[in-house]
There are 2 protein chains.
Amino acid sequence: MKLAVPREIWPGEKRVAITPDTVKKYTGLGFEVVIESGAGEHASIADDRYVEAGATIAKTAKAATGDADVILKVRPPMVEGKTNELAAYKKGATVIGLIEPYDRAELIGKMAEAGLTSFAMELVPRISRAQSMDVLSSQSNLAGYRAVIDAAHEFGRIFPMMMTAAGTLAPTRIVVVGAGVAGLQAIATAKRLGAVVSAFDVRPAVKEQVQSLGGTFIEVEDDDAASAETAGGYAREMSDDYKKKQAAKLKEVLAKTDIVITTALIPGRPAPEIVTADMVAGMKNGSIILDLAAERGGNVAGVKPGESTMTENGVKIMGPSNIVSSVAADATAMYAKNLLNFVTLMVDGEKKEMVFNREDQIIAETMLTRDGKMVHPKFGGEADKETEAENG
Amino acid sequence: MKLAVPREIWPGEKRVAITPDTVKKYTGLGFEVVIESGAGEHASIADDRYVEAGATIAKTAKAATGDADVILKVRPPMVEGKTNELAAYKKGATVIGLIEPYDRAELIGKMAEAGLTSFAMELVPRISRAQSMDVLSSQSNLAGYRAVIDAAHEFGRIFPMMMTAAGTLAPTRIVVVGAGVAGLQAIATAKRLGAVVSAFDVRPAVKEQVQSLGGTFIEVEDDDAASAETAGGYAREMSDDYKKKQAAKLKEVLAKTDIVITTALIPGRPAPEIVTADMVAGMKNGSIILDLAAERGGNVAGVKPGESTMTENGVKIMGPSNIVSSVAADATAMYAKNLLNFVTLMVDGEKKEMVFNREDQIIAETMLTRDGKMVHPKFGGEADKETEAENG
C-alpha cells in the first residue's frame, strides 16, 4: 500500500496532512509513505525530518500521488482553471481530507467520475469512539486560542488589570458569543491572560461550562429561556419576544465591552447574524470584534471574510479566514493525528489493505464517493436523491 | 498658565502625553489646557472626549503650543529637515517628554538656545518618592506584556499544554533574558498563557523574583557566580571563565527553547550582545526571538531594529521598535499619569505658577536646560564639562 501527501496549494493554507510522528505509524501499518517536497515547510517540518521518520520525498505532486492508494489532504483537491489535482490520482485511490461537502457538490461529482473513494473529515460523527478523529473539535480548539491572541495583538490595551505606582489599569472586558469548542477555548485563553470574560449562547446547557472556566454567562430573562432549559435540549428557535430581549441585552453588554469574539456556526448553513449593526454602533472607539464565522457568512453585521475593517465609530471588525493556519505546526500535529486514527480504522492489518466497512457508522457518515458513484445520503447519494424528490 | 499637547509626529508613535482624566487634573491645578486636534487619535481618544474633560482643541501644533507655558510631549521635539517643532514654542516655555538625552546632545543644545526649560522623563531617579513618575518602569511593564503577545502572534504553535482525544500538545518553552521590569512582566504573561518559562540574568538577586512568578532561574555553575552572590550587589563584570560557561549554558538551553525574549538594557550605553550567532544557529526551525533591546543595538546577533528577519535555520528574529505604541491606549494612560505626577511636583498651587526647585533630587536629575543654558551635569551642564576635561 502506498500513501501519499502532496503540498497544499490553497492560498494561505499552511497545514499539511502528515507529521514525522504519523509517518512512523503509517509505516508500522504497512504503508509506504511518499511526501511531496516542501509539503511541511509552513508547518516548520523540513523534508529531512520526514525522511528520518521513514518517508520518501517526491519532487512533484504528480510523482507523489500518481500511483498512491491513499492520498491525505488538508483542503479539498483543487479543480479550478488550469489546476486539477484530481487528474494526478489513479482510479480506485482513496482521498481523505476536509472536503467541505456542503459547498462542493461539483467536486464530489468529479471525484465519483474519477473513480475515487473519498472521505470528508468534517463529517466524522460526534460519538465517543470517533473523538480521536474529530477534526472540527481539534481545529476549533486551536481557533479559539488563536482568536484571543489575534484580538490581543490588535487591541491597543493590555488584558490583565495592573495596579502600579502611577495608577490602575482596568482589565479588558471580553464577550464570547457561542460557547462551543472554539468559544470555550477562547474563554479559557482570555481568562488566562487576565481579562474579564462573559459568554453568550442560546443553549442554557453550556452555562455551567462557561462558569467553570471563570466566565460569566449572559442570561436573557424570559419565560421562553426557562422553558427551553426545562426541555433540556438545544434551543434551536426561540420566540420573537425572546429574540428582541436577547438583542437588547447583548446591545447593553457590548456597549461596555472591549473585545467580542463570535463563534456561532451551524453545519451546512450560513452562520447566524448575532451582532447587529446597531450593536456595533453602540460599542466604544478602539474596540475589536473578531468573527470566527466570517467564512460562513459571519455572526457580525458588516464583517468581510479575510479582511479587517474599521467602522465609523472606531470599532475594528476582523474576519479571519483559516485562522488555524496561524498555528500551523500544532494544527498540523492534531489534524495529522486525527487522520491517522481515521485511516487506522480502515486498514486490515493482516492483509495489508484498505477495507471500507459501511456498517461502521464513522465510515458510513464520512464516505462521499465509491466505485464511480456518490454514496453519501446527504451529498448526491441515493437517500439524497429521494429527499430532493420529496422536497421538490 | 497654559498647558499644550501637540500631536506626536514621530513615525509609528501612537501615544499622546495627555488623557481626558489628566486634563481634569491639570485644570484643577490651574492650567488652561489646549490640545492639537487628532492628538489622541491613535490612542483611541477622540477630540470630543478631551473637550468634555475641559480642554480646548487647536487646529494646528503651532496654534496649540505657540503661547503655552508648559508643553507635554511623548517623543523628543523633532528638529529635522524642514520640520522644527521647537520653532513654535515661546521663550521660557517648559518642555517635558522622553527626550532621549543620551542620543540627543544637539537637540539639548537647541532647546537651551531657544530659552526653553526642558526635562527628560527617562532621567527620573528610581527612588520611592518618584515611583509614580517612573516612565521607564510604566512603559517597560507594558513592553514586557506586549513582547509575549507579539511572539505568540508570530509563533506557529499554541502556548499551553493541551491534552486532547487526539494526543497531547507540549507547552511552549520560553526563555526571558534579563529579569528587569520588562522581563518580569514577560515571564508573568508567558506563564499566564501556559508556557514553561525560564529566565536568565547576571544578577543573582533576581532569582527569587523569577521563581515567585513561576519561572525557572537559569544558573551558571561557577565560583565567580557564588562570589558575586555573597557580595550582594549587581554583578557588573564577570570573569572570562564565567562568561564562557554562561554562553555554553545558554546555548544548551536555547537549543530546546521555542521563544526567546531579550530585555537587557544599560542606560546610556549600547545593549550587550547576549544571544550569539552560534546560539541562534543551534535553535529549532520555527523558533522566535524577540529582542526588546533592538533599538539600542540589540541583545541578539543579527537583529535589525524595526524589522523581522529569518535565519537560514528557520529562526525568526524580531526587532520591534517602539513596541509600547502597540498598546497605545494603556501606554498613554500610564505615561500621562506619570507626567501629571511630575508636573504636579513643580506647580505652586497658591501662585498658580511653575516653580523649579533644583534642591529637589527629582527636578535636579531630570532638568536638561534652563535660562538659555544646558544645566544637567551629564548632558552639557557644568559638571559634564568638567568630566570631559578630566577624561580628555
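Please read all numbers here as calculations on a predicted model, not as lab measurements.

**A word on the overall build of chain A**
At step 1: The secondary structure content of chain A amounts to 13 helices and 21 strands.
At step 2: Computed over the C-alpha atoms, the radius of gyration of chain A is 23 Å, within 12% of the 21 Å expected from 2.2 N^0.38 for a compact globule of 392 residues.
At step 3: Across its three principal directions, the C-alpha atoms of chain A cover 65 × 60 × 40 Å.
At step 4: A buried classification covers 54% of the 392 residues belonging to chain A.
At step 5: Roughly 17,000 Å² of accessible area belongs to chain A as shown, and the carbon and sulfur atoms make up 49% of that amount.

**Focus: the pairing of strand E1 (residues 2-5) of chain A**
Residues and elements named next belong to chain A.
At step 1: Of the two faces of E1, the one lined by Lys2 and Ala4 and the one lined by Leu3 and Val5 are each fully buried.
At step 2: Bridging between E1 and strand E2 (residues 32-36) involves 4 bridges; their strand directions are parallel. Following the sheet pairing, lysine 2 is matched in E2 by glutamate 32.
At step 3: A crossover links E1 with its parallel partner E2, the connecting element being helix H1 (residues 20-28), and its sense is right-handed.

**Looking at the nonpolar core**
At step 1: In this structure, A:Leu142, A:Phe159, A:Ile259, B:Leu142, B:Phe159 and B:Ile259 are the most contacted members of the largest nonpolar core, which totals 80 residues.
At step 2: Leaving out residues up to four positions away in the same chain, B:Phe159 has contacts with A:Tyr145, B:Val148, B:Ala152, B:Pro171, B:Thr172, B:Ile174, B:Ala190, B:Leu193, B:Gly194, B:Ala195 and B:Ile259.
At step 3: Grouped together as the second largest cluster of nonpolar side chains are 42 residues, A:Ile18, A:Ala130, A:Val135 and A:Ile363 included.

**Overview of the sheet that holds strand E20 (residues 367-370) of chain B**
All names here are of chain B.
At step 1: With respect to topology, 8 strands assemble into an open sheet ordered E3-E2-E1-E4-E7-E8-E20-E21, the strand pairing being mixed. Each edge of the sheet is formed by a strand with only one pairing partner; in this case those strands are strand E3 (56-58) and strand E21 (373-374).
At step 2: Across 2 bridges, the pairing between E20 and E21 is antiparallel. When the sheet's bridge partners are listed, threonine 369 is paired in E21 with methionine 374.
At step 3: Helix H1 (residues 20-28) rests against strand E1 (2-5), strand E2 (32-36) and strand E4 (70-72) of the sheet, and its axis sits at about 145 degrees to E2.
At step 4: Taken strand by strand, helix H11 (residues 328-345) contacts E4, strand E7 (94-97) and strand E8 (117-120), and its axis lies near 140 degrees from that of E7.

**Examining the relation of the copies chain B and chain A**
At step 1: You can overlay chain B on chain A at an RMSD of 0.0 Å; the transform is a turn of 180 degrees with a shift of 0.0 Å along its axis. Here the symmetry operator amounts to a two-fold rotation axis. No C-alpha of chain B approaches the rotation axis more nearly than that of B:Arg192, which lies at 2.7 Å.
At step 2: Taken as a fraction of all interface residues of chain B, those also at the interface in chain A reach 98%, which identifies the copy contact as same-surface.

**A closer look at the pairing of strand E15 (residues 288-291) of chain A**
Residue and element names in this part refer to chain A.
At step 1: Neither face of E15 is open: one carries Ile288 and Leu290, the other Ile289 and Asp291, and all of them are buried.
At step 2: Sheet analysis places strand E14 (residues 259-262) next to E15, joined by 4 bridges and oriented parallel. For valine 260, the partnering residue across the bridge sits in E15 and is isoleucine 289.
At step 3: Where E15 lies against strand E17 (residues 316-318), 3 bridges are found, and the strand directions are parallel. Each residue of the ladder has a partner; that of isoleucine 289, found in E17, is isoleucine 317.

**Describing the packing of helix H5 (residues 135-154) of chain A against helix H6 (residues 181-192) of chain A**
Helices that pack against each other are described as a pair by the angle of their axes relative to one another and the distance between those axes.
Residues and elements named next belong to chain A.
At step 1: Direction vectors running N to C along H5 and H6 enclose 35 degrees, while the axes themselves pass 7 Å from each other. Relative to H6, the crossing made by H5 is right-handed. Note on element contacts: H6 touches H5 through Val181, Ala182, Gln185, Ala186, Thr189 and Ala190, opposite Ser137, Ser140, Asn141, Gly144, Tyr145 and Val148.
At step 2: Across the contact of H5 with H6, the residue classes break down as 6 nonpolar, 6 polar and no charged.

**Some details on H5(A)**
Residues and elements named next belong to chain A.
At step 1: Taking 1.5 Å as the rise per residue, H5 with 20 residues should run 28 Å; its terminal C-alpha atoms sit 28 Å apart, in good agreement.
At step 2: Counting buried residues in H5 gives 15 out of 20 residues, a clear majority hidden from the surface.
At step 3: The opening residue of H5 is aspartate 134, an N-cap whose side-chain oxygen sits 3.3 Å from the backbone nitrogen of leucine 136.

**Quick word on the interface of chain B and chain A**
At step 1: Each partner contributes to the interface: chain B provides 41 residues, whereas chain A provides 40 residues.
At step 2: For the pair chain B and chain A, the summed buried surface comes to about 3,400 Å²; carbon and sulfur atoms form 62% of the total.
At step 3: Where chain B touches chain A, the interface holds 2 salt bridges.
At step 4: At the boundary of chain B and chain A, one finds 15 residue pairs in polar contact (both at pLDDT 80 or more).
At step 5: Residue assignment for the side of chain B that touches chain A shows that the elements contributing at least two residues are helix H5 (135-154), strand E9 (162-164), strand E10 (167-169), helix H6 (181-192) and H11 of chain B.
At step 6: A total of 8 residues in the side of chain B that touches chain A trace back to one element, the largest contributor, which is H5(B).
At step 7: Looking at the side of chain B that touches chain A residue by residue, the class counts come to 20 nonpolar, 15 polar and 6 charged.

**Digging into the side chain of B:Ser198**
At step 1: Structurally, the position occupied by B:Ser198 is in strand E12 (residues 196-200).
At step 2: For B:Ser198, a relative accessible area of 15% corresponds to the buried category.

**Section: helix H9 (residues 240-254) of chain B**
Residues that lie three or four places apart on an α-helix share one face, since the helix turns once every 3.6 residues.
Residue and element names in this part refer to chain B.
At step 1: Over its 15 residues, H9 extends 21 Å from the first C-alpha to the last, a length consistent with the 21 Å expected when each residue adds 1.5 Å.
At step 2: Within H9, the full set of buried residues consists of Tyr242, Gln246, Leu250, Val253 and Leu254. Taken around the axis of H9, the buried residues stretch over an arc of 90 degrees, which confines them to a single face. Residues of H9 that are exposed and angled more than 90 degrees away from the buried face: Asp240 and Lys244.

Cut-offs applied
Residues numbered from 1 in each chain as written. Chains lettered and ligands numbered in written order. Predicted model: local features only at pLDDT ≥ 70, side-chain atom pairs only at ≥ 80, totals over all residues. Heavy atoms only, no water. Helix = DSSP H or I, 4+ residues; strand = E, 2+ residues; numbered from the N terminus. Rg over C-alpha atoms; globule rule 2.2 N^0.38 Å. Buried < 20%, exposed > 50% of the residue type's maximum accessible area, 1.4 Å probe, protein only. Areas by Shrake-Rupley, 256 points an atom, 1.4 Å probe, with all protein chains shown as cover. Pairing = 2+ DSSP bridges. Right-handed = clockwise from strand over helix to strand, strands pointing away. Core = buried A, V, L, I, M, F, W, Y, C linked by side-chain atoms within 4.5 Å. Contact = heavy atoms within 4.5 Å. Axes fitted to C-alpha atoms, helices over the stretch in contact; angles between N-to-C directions. Least-squares fit on C-alpha atoms with pLDDT ≥ 70 in both. Left-handed = near helix turned anticlockwise from the far one by under 90°. Nonpolar A, V, L, I, M, F, W, Y, C, P; charged D, E, K, R; others polar. Expected span 1.5 Å × (residues − 1). Polar contact = N/O pair within 3.5 Å; in protein donor to acceptor, adjacent residues only side chain to side chain. Buried area = accessible area lost by both parts, 1.4 Å probe. Salt bridge = Lys/Arg side-chain N within 4 Å of Asp/Glu carboxyl O. Arc of directions from axis to C-beta.

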